[in-house]
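Topology and contacts: notes
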Amino acid sequence: MSAISREDLVHLAQLAHIEMSGAELDKMTGELGVIVDAIASVSEVASSDIPATSHPIPLTNVLREDVVGQTLSIDEVLLNAPDSDSDRFRVPAILDGE
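Before going into details, it helps to say that this report is about the structure given with it.

Rules and cut-offs
Residues numbered from 1 in each chain as written. Predicted model: local features only at pLDDT ≥ 70, side-chain atom pairs only at ≥ 80, totals over all residues. Heavy atoms only, no water. Helix = DSSP H or I, 4+ residues; strand = E, 2+ residues; numbered from the N terminus. Rg over C-alpha atoms; globule rule 2.2 N^0.38 Å. Buried < 20%, exposed > 50% of the residue type's maximum accessible area, 1.4 Å probe, protein only. Contact = heavy atoms within 4.5 Å. Areas by Shrake-Rupley, 256 points an atom, 1.4 Å probe, with all protein chains shown as cover. Axes fitted to C-alpha atoms, helices over the stretch in contact; angles between N-to-C directions. Parallel < 35°, antiparallel > 145°, perpendicular 65-115°, else oblique. Left-handed = near helix turned anticlockwise from the far one by under 90°. Nonpolar A, V, L, I, M, F, W, Y, C, P; charged D, E, K, R; others polar.

**A closer look at the overall build of the protein**
- On a plain count of helices and strands, the protein comes out with three helices and two strands.
- Helices and strands appear in the protein in the N-to-C order α-α-α-β-β.
- The C-alpha atoms of the protein give 35 Å as radius of gyration, which overshoots the globular expectation for 98 residues (13 Å, by more than 25%).
- In terms of principal-axis extent, the alpha carbons of the protein reach across some 90 × 45 × 20 Å.
- Out of the 98 residues belonging to the protein, those deemed buried represent 7%.
- Sequence separation of at least 24 residues holds for 27% of the intrachain contacts in the protein that already meet a minimum separation of 6.
- Just so you have it, the protein exposes about 9300 Å², and 58% of that area is on carbon and sulfur atoms.

Below you can see the structure in the form of structure tokens.
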């Protein structure tokens, strides 16, 4: 038996200022009853000992560990640089000296 009665639906329709015919009230009462029953069946299954699910498939971190590998020395880096100054790349100025 549904928790929504025809009288409840008439009252809700009046509160919402919605005019409904008798056929619409009968149809809507049945539809809302199905929805309430579906929610009740889900509520029966849910219990406190079942953890909430945020994702249907367990996810793991797929990224590798951040480990420093083989690196180049400053001399090796600047070996093919067109121009350098000390241990830095020298590039043409693009902004005025303002």
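**Digging into the packing of helix H1 (residues 6–15) against helix H2 (residues 22–45)**
- Viewed as axis vectors pointing N to C, H1 and H2 meet at an angle of 110°, and their least axial separation amounts to 9 Å. One finds that H1 runs roughly perpendicular with respect to H2. Every pair of crossing elements has a handedness; the one defined by H1 and H2 is right-handed. From H1, Arg6, Leu9 and Val10 reach across to H2, where they touch Gly22, Leu25, Asp26, Met28, Thr29 and Leu32.
- Residues belonging to the contact of H1 with H2 are distributed by class as follows: five nonpolar, two polar and two charged.

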